[in-house]
Amino acid sequence: MTHWRPPLPLVGAWLGLLALLALTVTLAYVPLGAGNAVVALSIGTVKAGLVAVIFMELRHRSGLTLVFAGAGLFWLGIFLWLGLMDFMTRT
Amino acid sequence: MSEKSYLTTDYTLKSWFLTTDHKRIAILYFASLIFFFFIGGAAATVIRIELATPQGDIVSSDIYNRLFTMHGIIMVWFFLIPSIPNTLGNFIVPLMIGARDLAFPRLNLMSWYIFMLGGCTTLFAILAGGVDTGWTFYTPFSTLYSNSYVIVAAAGVFIAGFSSILTGLNFIVTIHRLRAPGLTWYRLPLFLWSLYATSVILVLATPVLAITLLLIAVERFFGVGIFDPRIGGDPLLFQHLFWFYSHPAVYIMILPGMGVINELISCFSRKQVFGYKFVAWCSLAIAAVGFLVWGHHMFVSGQSLIASLVFSFMSFIVAVPSAIKVFNWTATLHKGLLRFDAPMLYALGFIGLFTIGGLTGLFLACLAFDVHATDTYFVVAHFHYIMVGGMVTAYFGGLHYWWPKITGRLYSEYWARAAAVLIFFGFNLTFFPQFILGAEGMPRRYHVYPPEFQVWNVLSSGGAAILAVAYLMPLFYLGYSAFFGARAPANPWDAPGLEWQTSSPPPEHNFTTQPVVTRAPYQYDRDFHAEPQNA
């Protein structure tokens, strides 16, 4: 049996994601130099957080589930860190 | 009257193809993997026959490209990765933890169907004309230039990836949730620790491969600049993404093999595994550090020197937990009551071959040596020692060890020992000369080569012929024993694991009463009174 879910947070999160998407696209056309990447990545982080907390319902989950979700995030971090290290240090 | 075994509950095709019994699903995987092993092996046979002479006198260069690509794709994704987890793991995991089945039996069956769909898609690509990119699908060749069936083959691998993820999830949940009363983490057999670590890699790494293959399709079909620098892409990005999966994939292959070896060494030495906790945590350490070393595949790709140095350093670190395992196996053997049954011969072979493969891995982790050895036969020999010498030998060892449990029959010990020795001999004769070829500079993936390399290539091809015979032998004596072998007792090795506490073959729901665990694993009675096996 799935437990009862209030639909309002889901709709709210969906609308929030759409708003953040619109913001990303809009800011992509504003010339901020290196700031464009920083802004886009920041918005992306907020979007991922919304999905994890609301859609994946991690806020209601047990510690073990949080450990596994955290491990996924940690591994993604490793991948981005080591991958970016190559891009940033190429001559 | 004892309960019917899982093999005799029902004989219809429907009962097999719609089964949710983990044991029957393991048999389905087993049959599929034999099929893929022989397809991959057939390609290897043609390759080795071709390389017996320096001229390209059997196949054209184009066909040769397709042959080694087919060999790589089939063997890596449709044999090595699923072999131990999906056959032995599927069969043994619930039995070892005292459960009735895996946590998600229907998901388990779905994994097999997805695996077969992926396999058939890849086979279609091969039959339709093949793929010539190599098993790595490197861009820009795979996205811009290759006119072979790249997308179909990549789609097959993409689909099979889902099967891996589902199996990994199933094992993780099963090991967390379905352990028998008293079976604490430090009482788990080490095979389960290694499968747990493998499952974590499967779940975390496989999605990256799936996304990467999808991106190839997006670039090939829609011209979106992902890997092509002319339209804003970066070809090195592909290698980063690909190896982020494919290096941990090596550990997907070898970790379950190490798990099997723990069981075998312990059983046939009649001793507890030396340093149980170290070995257990080394599995997780290998899984974790294995994610940090993918860049050592890219030392000559144009990646930055700083990145190469960091990856080189971390590649040395991953050798530490692997070495701890080897030392602990050796320490377990020390003063043990050794018995050289066929599974033990495979286990000892594994230790030798894995050690050679591991040590030559350290050579390749050195930046300077790697520049010389990249894309030579040295690399081919190194990874075959790990993936074939290690993994396949462990698979055969595990298969022999649990064969009486799986089939309820005993095999011919004489032929099994002969095959184990012949595999060890044939393997070394095939691949050791390739270290020399590589050190002398023979590149891989060429079907025409200078005549001075012929001696080593002839030795290698001769060894491959012996290896082929040795790999065929179990097909006959195990096949014979499955139907005509003597009946196996419930515990032919006198081993303490839970899987041996039920009948051979086990009943449909594994245990008639829920087992309770009261002691640590590997508490061997040193008085080994099992009857010698003579089927």
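Going by what an unreviewed UniProt entry lists, chain B is known as Cytochrome c oxidase subunit 1 and is assigned to Bradyrhizobium sp. LLZ17. Looking at chain B in UniProt, the text filed under Catalytic activity (unreviewed entry) is "4 Fe(II)-[cytochrome c] + O2 + 8 H(+)(in) = 4 Fe(III)-[cytochrome c] + 2 H2O + 4 H(+)(out)".

You'll find chain A entered in an unreviewed UniProt entry as Cytochrome C oxidase subunit IV family protein, with Bradyrhizobium sp. LLZ17 given as the organism.

Caption draft 1: Highlighting the pattern of salt bridges. Counted by the stated rule, this structure contains 11 salt bridges over all chains. Ionic pairing is found between B:Asp234 and A:Arg90, a salt bridge with its closest N-O pair at 3.0 Å. Highlighted residues: B:Asp234 in the loop between α7 (190-222) and α8 (235-269) and A:Arg90 in the segment after α3 (63-89), drawn from two different chains. Three or more residues joined by partner-sharing salt bridges are found here, namely B:Arg339, B:Asp341, B:Glu413 and B:Arg417.

Caption draft 2: Quick peek at the interface of chain B and chain A. Of the residues lining the interface, 23 residues belong to chain B; the matching set on chain A comes to 14 residues. Carbon and sulfur atoms make up 81% of the area that chain B and chain A hide from each other, which totals about 1600 Å². Per-residue buried area on chain B facing chain A is highest for B:Leu204, B:His240 and B:Ser304; these three make up 25% of the total on that side. Counting across the chain B and chain A interface gives one salt bridge. Inspection of the region where chain B meets chain A yields four residue pairs in polar contact (both at pLDDT 80 or more). The set of elements that each furnish at least two residues to the side of chain B that touches chain A consists of α6 (150-177), α7, α8 and α10 (305-333) of chain B. Considering only residue class, the side of chain B that touches chain A consists of 16 nonpolar, five polar and two charged.

About the thresholds
Along each chain, numbering runs from 1 in the same order as the chain's sequence is written. Think of it this way: whatever chain is written first is A, whatever ligand is written first is 1, and the rest follow in order. Owing to the predicted nature of the model, reporting of local features is limited to residues with pLDDT of at least 70; listing and counting of side-chain atom pairs is limited to 80 or more, with chain, interface and lining totals taken over all residues. The basis for the side-chain values is all heavy atoms of the structure; hydrogens and waters are excluded. UniProt positions are given in the numbering used here, feature names are shortened, and annotations may be inferred rather than shown by experiment. Put simply, a salt bridge is a Lys or Arg side-chain nitrogen that is within 4 Å of an Asp or Glu carboxyl oxygen. Under the scheme used here, helices are H or I runs from DSSP no shorter than 4 residues and strands are E runs no shorter than 2 residues, and both carry numbers assigned from the N terminus. By definition in these notes, contact holds between two residues if any of their heavy atoms fall within 4.5 Å. Summed over both partners, the accessible surface that disappears when two parts come together, traced with a 1.4 Å probe, is what is meant by buried area. Nitrogen and oxygen atoms within 3.5 Å of one another constitute a polar contact, given that in protein one can donate a hydrogen and the other can accept it, and given that sequence-neighbouring residues count only through two side-chain atoms. Classification used: nonpolar for Ala, Val, Leu, Ile, Met, Phe, Trp, Tyr, Cys and Pro, charged for Asp, Glu, Lys and Arg, polar for all others including Gly.

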